[in-house]
Amino acid sequence: MRACTATAGGTWFNARYQLDRPSSYNLEYDRDEPQWDNPPPPPAYPDELQMFPP
């Protein structure tokens, strides 16, 4: 799942959506910066903001 922005809430980096039949669900998301094995290069951050503006 891609990162997503919300005007009031900031960016979330990952999410888990669990659907419990018949009519219940749970959504968990994480706003902390991931622990990268290979961190993105510095130009990636402004590029991401251009692609996904707040």
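The following paragraphs examine the structure supplied in this document. (Residues numbered from 1 in each chain as written. Predicted model: local features only at pLDDT ≥ 70, side-chain atom pairs only at ≥ 80, totals over all residues. Heavy atoms only, no water.)

## A look at the overall build of the chain
Formally: Helical segments are the DSSP runs of H or I of at least four residues, strand segments are the runs of E of at least two, and each set is numbered from the N terminus. A 1.4 Å probe rolled over the protein chains alone gives each residue an accessible area, and that area as a share of the maximum for its type sets the label: buried under 20%, exposed over 50%, partly exposed in between. Any two residues having at least one pair of non-hydrogen atoms within 4.5 Å are treated as being in contact.
Counting its secondary structure elements, the chain contains one helix and four strands. Each helix (α) and strand (β) of the chain, taken in turn from the N terminus, gives the series β-β-β-β-α. Buried positions account for 4% of the 54 residues belonging to the chain. Counted over contacts in the chain with a minimum sequence separation of 6, partners at least 24 positions apart contribute 15%.

## A word on unusual backbone geometry
The linkage connecting Arg 21 with the following residue, Pro 22, adopts the cis geometry, with an omega of 5 degrees. As for its placement among the helices and strands, Pro 22 is situated in the loop between β3 (14–20) and β4 (24–30).

## Concerning the pairing of β3
Going by this rule: One bridge is not enough; two strands pair if DSSP finds at least two bridges between them.
Relative to β4, β3 runs antiparallel, the two being bridged by seven bridges. Bridge pairing links Leu 19 to Tyr 25 in β4. Count of turn residues in the β3/β4 antiparallel hairpin: three residues.

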